[in-house]
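Chain and residue survey
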Amino acid sequence: MVTLKDIAREAGVSVMTVSRVVNQRYQEVSDKNIAKIQEIIDKYGYVPNSSARSLSSKSSHIISVIVQEGRVNPMLFPFNASMVGYIVQGIQSHGYQAMVHFIRDYSDVTRYLRSWKSEGAVFLGTFDENIKQIQKDNDIPLIFTDSYSSVRQVINVGLDDYKGGVLAARHFIEYGHREFAFLCSCIQESQVNQQRLAGFADTLEAAGFSLPESHIFDTLDLRQGVEDLCALADPVTAVFVPIDESAAFVMTYLKEKGHRIPEDYSIIGFDDFPLCQYVDPPLTTIAQDVCQKAQYALDLLFQRLRDNTLPTQNIVLDVELISRKSVARVNL
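Every value quoted in this text rests on a predicted model; they were computed, and no experiment measured them.

**As for the packing of helix α5 (residues 78-93) against helix α12 (residues 290-306)**
- Packing of α5 against α12 brings their axes to within 9 Å, and their N-to-C directions diverge by 40 degrees. Relative to α12, the element α5 is oriented oblique. At the point where α5 passes α12, the crossing takes the right-handed sense. Contacts between α5 and α12 pair Phe79, Ser82, Met83, Tyr86, Ile87, Gly90 and Ile91 from the former with Val290, Cys291, Lys293, Ala294, Leu298 and Phe302 from the latter.
- For the contact of α5 with α12, the class distribution of residues is ten nonpolar, two polar and one charged.

**Some thoughts on unusual backbone geometry**
- Note that the residue after Ile261, namely Pro262, is joined by a cis bond; omega there is 10 degrees.
- Following the sequence through the fold, Pro262 ends up in the loop between α11 (244-256) and β9 (266-271).
- Of the consecutive residues Asp280 and Pro281, the connecting peptide bond is found in the cis state with omega at 0 degrees.
- Positive phi outside glycine occurs at Asp146, with the angle close to 60 degrees.

**Regarding the environment of Phe127**
- Tracing the sequence through the fold places Phe127 in the loop between β3 (120-124) and α7 (131-137).
- Residue Phe127 is classed as buried on the basis of its relative accessible area of 2%.
- Along the sequence, Phe127 and Asp105 sit 22 residues apart, while their C-alpha atoms lie 9.6 Å from each other.

**Description of helix α8 (residues 161-174)**
- The end-to-end C-alpha distance of α8 is 20 Å, a good match for the 20 Å that 14 residues give at a rise of 1.5 Å each.
- Residues of α8 that are buried include every one of Asp161, Gly164, Gly165, Val166, Leu167, Ala168, Ala169, His171 and Phe172, and no others.
- Count one or two residues on from α8 and you reach Gly176, which has phi positive near 90 degrees.

**Describing the sheet that holds strand β6 (residues 180-184)**
- One open sheet holds the six strands; their spatial order is β7-β6-β8-β9-β10-β12, and the pairing between them is mixed. Sheet topology places β7 (216-218) and β12 (320-322) at the edges, where each strand pairs with a single neighbour. Recorded for the sheet is a direction-independent mean angle of 20 degrees between the axes of neighbouring strands.
- Pairing of β9 with strand β10 (residues 284-287) involves four bridges; the strand directions are parallel.

**Notes on the environment of Arg324**
- Mapped onto the elements of the fold, Arg324 is located in the segment after β12.
- Sequence separation between Arg324 and Pro281 is 43 residues; the distance between their C-alpha atoms is 8.1 Å.
- Excluding anything up to four places from it in sequence, Arg324 contacts Asp272, Cys276, Gln277, Pro282, Leu283, Thr284 and Thr285.
- Among the polar contacts listed, one links the side chain of Arg324 to the backbone oxygen of Leu283, at a separation of 2.9 Å.

**Brief notes about helix α9 (residues 191-206)**
- In this model, α9 (16 residues) spans 22 Å end to end at C-alpha, consistent with the 22 Å of a helix rising 1.5 Å per residue.
- Of the positions making up α9, those classed as buried are Val192, Asn193, Arg196, Leu197, Gly199, Phe200, Thr203 and Leu204. The buried residues of α9 occupy an angular sector of 155 degrees when the element is viewed end-on, so they sit on one face. Facing away from the buried side of α9 by over 90 degrees, the exposed positions are Glu205 and Ala206.
- Buried positions along α9 lie against β5 (156-159), α8, β6, β7, β8 (238-240) and β9.

**With respect to the sheet that holds strand β1 (residues 62-68)**
- Read across the sheet, six strands follow the order β2-β1-β3-β4-β5-β11 without closing on themselves; strand pairing throughout is parallel. Every other strand in the sheet has two partners, leaving β2 (97-103) and β11 (314-317) as the edge strands with one partner each. Strand-to-strand twist in this sheet, taken as the mean axis angle between neighbours without regard to direction, amounts to 15 degrees.
- Sitting on the sheet, helix α6 (residues 107-115) touches β1, β2, β3 and β4 (142-145), and the angle it makes with β2 is about 155 degrees.

**What to know about the side chain of Glu119**
- Of note, Glu119 is situated in the loop between α6 and β3.
- One buried charged residue, Glu119, remains without a salt bridge, the closest side chain of opposite sign being Lys117 at 8.1 Å.
- Among the polar contacts made by the side chain of Glu119, one reaches the main-chain amide nitrogen of His61 at a distance of 2.6 Å.

Rules of the game
Residues numbered from 1 in each chain as written. Predicted model: local features only at pLDDT ≥ 70, side-chain atom pairs only at ≥ 80, totals over all residues. Heavy atoms only, no water. Axes fitted to C-alpha atoms, helices over the stretch in contact; angles between N-to-C directions. Helix = DSSP H or I, 4+ residues; strand = E, 2+ residues; numbered from the N terminus. Parallel < 35°, antiparallel > 145°, perpendicular 65-115°, else oblique. Left-handed = near helix turned anticlockwise from the far one by under 90°. Contact = heavy atoms within 4.5 Å. Nonpolar A, V, L, I, M, F, W, Y, C, P; charged D, E, K, R; others polar. Buried < 20%, exposed > 50% of the residue type's maximum accessible area, 1.4 Å probe, protein only. Expected span 1.5 Å × (residues − 1). Pairing = 2+ DSSP bridges. Polar contact = N/O pair within 3.5 Å; in protein donor to acceptor, adjacent residues only side chain to side chain. Arc of directions from axis to C-beta. Lys, Arg positive; Asp, Glu negative; His and termini not counted. Salt bridge = Lys/Arg side-chain N within 4 Å of Asp/Glu carboxyl O.

Now the structure itself:
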């Protein structure tokens, strides 16, 4: 494998001169030497060692993407996979390298950031309990997504999750439904899911209906959740499943048990990923713009890379209901 020394020897210049060209410090090298060195680099397909450059310079040009692990692999959810994809692509388009870390314990955050000399980080997951300590330990731009932390000095890009629950409840009510259920995983661990549940339950109560505790299913086993749903003494007709992929699974399991969608059970999901249009029937859902959320996070990150004294921001993006065929009208 060709080295800087090899290129310098063939070009008849010093290793330092080659290094300046590799690092695009052209103002310190003559045009003639730049052309000669670049020709040799191209001939051998020389690629600089990024980790070595990081260790030897003040700038690593590395941005970390911190994804929180939980009871379920986070990349199994289309939202997380899409966010990581958009963010990594955006980081690279700015000339930086993206380093994706999966974190189970927040105490690992600082170790990863420091060991790779990260210049900034974007967080996906619920780090709310530890945000203050993470900020204290790391004096670099930190962008959180979907945070409900009470810490005021947090740069966050979130979603109006509560409104999503409100829209789902209103749609069911407008279609004549009177018995409701909420089926999701990790409700207690996720402020996002708690907000969606709160918006749903509060809206039902304000309209004179209720969502009993027995109608709230917090389970990783969606098949068992469907079994419990179908076993309710007072059958429900409207089920809010605030993750599209989970909603699609619930629809499949209900149909396996001989139930009709939406005639027996009406379903609303959350996210509006492409699968919503292709499941049978097409899924009514609460839409969020994942690309927009990722872009806001990247914009905030690179603004603070240029000036880390800018004030903190909390951006809350809107949601809307997309009506398809998974909610039936109930004749009163």
